[in-house]
Amino acid sequence: MQQETRETMGLFAKLRRHAAVATGNFAAMFQKVEIPPLPAAVSRLVAEANKPEPDFDVLAELISSTTGLAAKVIQTVNSPLYGLQRPVTNVRQAVTFLGIRNIRSLALAYATMSALPSPRDSLFDEEAFWADSLLHALLARALCAKRFQGSAEDAFTAGLLAHVALPVLLTVWGDYYRPIVSRWGEASVRLSALERGHFGWDHAQAGAWIVQYWEFPEELVCYIGAHNLDLDDLERYELQETVALPLAVAALAPSLLKTDPERIRAFRESACRRLGLDPATLAARLEEVKDSFHALMGLFGLQVRGAEPYFQALETAQEAVEEVGHAC
């Protein structure tokens, strides 16, 4: 545990060099704006999760007593994501199967999902937002297969909460942020590029600041803040051997709402070259993502819109690679 703590502190120091929680001086920007607090039950869960040695019984009790959270955790563990031969029936079994760290990650992600504000804005489609977040979380988890398997659940959690700043900013800072989101809907560039050009920071950095304000575990703060770094910057900040790498590669994949062939190509090339996945392995992982995506969308009661053309575009790109005989 001490070694893990030292590694986390080292990672956090590297992220500070990127200024993932400093660029933009968010504390000054939002000094007159109240960031929505987490519900008390979720705050207690965060506090227990942050302890060097979280208590198994307390964690299970907190998850079980938070409305709807236990069911989501159990259903997720029983989903195709894990492929259990025998289903778990309670939180204790789920914790025993996944371990405290992994259950902590899932619980924090799902608890935060229910706590986030839902902007009353025509630009924000809540179902599409969570569908996109889930897709990229599953991609990040799948890309951990070869080099980062032990951190797959952290990748899933950070991917699911990577865009946590969007509904918060649209809710509490809408006059400034809404025009940028509107431009993104009509442009072919990444939202983060528009944000950096206009504000000097992006929603990953704002998201890191928000979850740090909520006192999330420092490694998740780091991963959320780094999820859309340029891949070359990962090496410059010495993050290429952390979960920041599969998260950044997953972030290259386009939105479900904007299937972009160039973004798909960049995603596939980076998955192969940066993560060492051969075409067959990547194809198998993407098929797993597709199955898990449909199962979890149903679990959350979300409608699957635009998913089939999206996955078809991924498969078509795979076939093109195989036809010309290129290795990734």
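Structure: see above.
Computed from a predicted model, the values in this text were never measured in an experiment.

1. Thoughts on the pattern of salt bridges
Where charged atoms of side chains with opposite charge meet at close range, the side chains can pair.
Turning to step 1, where the next piece is worked out: Throughout the structure, instances matching the rule amount to 14 salt bridges.
Turning to step 2, where the next piece is worked out: With its nearest N and O atoms 3.0 Å apart, the salt bridge here joins Asp232 to Arg274. Of the two residues, Asp232 is situated in helix α15 (residues 231–236) and Arg274 in helix α17 (residues 261–275); the sequence distance between them amounts to 42 residues.
Turning to step 3, where the next piece is worked out: Between Glu269 and Arg265 there is a salt bridge, and its shortest N-O distance comes to 3.1 Å.

2. Brief notes about the layout of surface pockets
Turning to step 1, where the next piece is worked out: Computed from the structure, the largest pocket encloses a volume of approximately 670 Å³.
Turning to step 2, where the next piece is worked out: Around the largest pocket, the lining is made up of 37 residues, and of these Asp132, His163, Leu166, Trp184 and Ser255 lie nearest the centre.
Turning to step 3, where the next piece is worked out: Those elements giving two or more residues to the lining of the largest pocket turn out to be α8 (126–142), α10 (165–172), α11 (174–186), α12 (191–199) and α16 (244–252).
Turning to step 4, where the next piece is worked out: Ranked by residue count, the leading element in the lining of the largest pocket is α8, at five residues.
Turning to step 5, where the next piece is worked out: Here the residues of the lining of the largest pocket are counted per class, giving 18 nonpolar, 13 polar and six charged.

3. Here's the deal with the packing of α10 against α11
The relative placement of two packed helices comes down to the angle between their axes together with the axis-to-axis distance.
Turning to step 1, where the next piece is worked out: Where α10 contacts α11, the axes come no closer than 6 Å and their chain directions differ by 130°. Judged by the inter-axis angle, α10 sits oblique to α11. Here the hand of the crossing between α10 and α11 comes out left-handed. Counting all contacts with α10, which are made through Leu166, Leu169, Leu170 and Val172, the residues of α11 involved are Gly174, Tyr177, Arg178 and Val181.
Turning to step 2, where the next piece is worked out: Residue classes in the contact of α10 with α11 are distributed as six nonpolar, one polar and one charged.

4. Notes on unusual backbone geometry
Turning to step 1, where the next piece is worked out: Its identity as a non-glycine residue notwithstanding, Glu215 has a phi of 65°, on the positive side.
Turning to step 2, where the next piece is worked out: Summarising the element assignment, Glu215 is placed in the loop between α13 (203–213) and α14 (218–226).
Turning to step 3, where the next piece is worked out: The class of Glu215 is exposed, set by a relative accessible area of 56%.

5. Overview of α13
Turning to step 1, where the next piece is worked out: Summarising burial for α13: nine of the eleven residues are buried, a large majority.
Turning to step 2, where the next piece is worked out: All of the buried residues along α13 are His203, Ala204, Gln205, Ala206, Gly207, Ala208, Trp209, Ile210 and Val211.
Turning to step 3, where the next piece is worked out: Between a side-chain oxygen at the N-terminus of α13 and the backbone nitrogen of Ala204 the separation is 3.0 Å; the capping residue is Asp202.
Turning to step 4, where the next piece is worked out: Phi turns positive, to about 65°, at Glu215, one or two residues after α13.

6. Overview of the packing of aromatic side chains
The geometry of an aromatic ring pair is captured by the separation of the ring centres together with the interplanar angle, meaning the angle of the planes.
Turning to step 1, where the next piece is worked out: As enumerated under the stated definition, the model contains twelve aromatic pairs in all.
Turning to step 2, where the next piece is worked out: Residues Phe199 and Trp201 carry aromatic rings whose centres are separated by 4.8 Å and whose planes lie at 15° to one another, so their mutual orientation is stacked.
Turning to step 3, where the next piece is worked out: Judged by its relative accessible area of 2%, Trp201 is buried.
Turning to step 4, where the next piece is worked out: With a centroid separation of 5.9 Å and an interplanar angle of 25°, the aromatic rings of Trp209 and Tyr213 are classed as stacked. Within this pair, Trp209 and its partner Tyr213 are both found in helix α13, separated by four residues, close to a single helical turn.

7. Some details on the nonpolar core
Turning to step 1, where the next piece is worked out: By size, the foremost hydrophobic cluster in this structure holds 112 residues, and its most contacted members are Ile63, Tyr110, Phe216 and Phe293.
Turning to step 2, where the next piece is worked out: Looking at this core element by element, the count peaks at ten residues for α8.
Turning to step 3, where the next piece is worked out: Contacts of Tyr110, omitting those with residues within four sequence positions, involve Leu69, Lys72, Val73, Thr76, Phe156, Leu160 and Phe300.

8. Comments concerning empty space enclosed by the protein
Turning to step 1, where the next piece is worked out: With the rule as written, the count across this model stands at one cavity of 30 Å³ or more.
Turning to step 2, where the next piece is worked out: Approximately 30 Å³ is the volume attributed to the largest cavity.
Turning to step 3, where the next piece is worked out: If you trace the largest cavity, you find it lined by Leu139, Ala142, Leu143, Phe267, Leu282, Arg285 and Leu286.
Turning to step 4, where the next piece is worked out: When contributions to the lining of the largest cavity are tallied by element, the ones reaching two or more residues are α8 and α18 (279–299).
Turning to step 5, where the next piece is worked out: No other element matches α18, which puts three residues into the lining of the largest cavity.

What counts, and at which threshold
- Residues numbered from 1 in each chain as written.
- Predicted model: local features only at pLDDT ≥ 70, side-chain atom pairs only at ≥ 80, totals over all residues.
- Heavy atoms only, no water.
- Salt bridge = Lys/Arg side-chain N within 4 Å of Asp/Glu carboxyl O.
- Helix = DSSP H or I, 4+ residues; strand = E, 2+ residues; numbered from the N terminus.
- 1 Å grid on protein atoms, 1.4 Å probe; cavity = no way out; pocket = protein on both sides within 12 Å on 5 of 7 lines; lining within 4 Å.
- Points joined across faces, edges and corners; volume = space filled by probe spheres on them.
- Nonpolar A, V, L, I, M, F, W, Y, C, P; charged D, E, K, R; others polar.
- Axes fitted to C-alpha atoms, helices over the stretch in contact; angles between N-to-C directions.
- Parallel < 35°, antiparallel > 145°, perpendicular 65-115°, else oblique.
- Left-handed = near helix turned anticlockwise from the far one by under 90°.
- Contact = heavy atoms within 4.5 Å.
- Buried < 20%, exposed > 50% of the residue type's maximum accessible area, 1.4 Å probe, protein only.
- Polar contact = N/O pair within 3.5 Å; in protein donor to acceptor, adjacent residues only side chain to side chain.
- Phe/Tyr/Trp six-rings, centres within 6.5 Å; stacked < 30°, edge-to-face > 60°.
- Core = buried A, V, L, I, M, F, W, Y, C linked by side-chain atoms within 4.5 Å.

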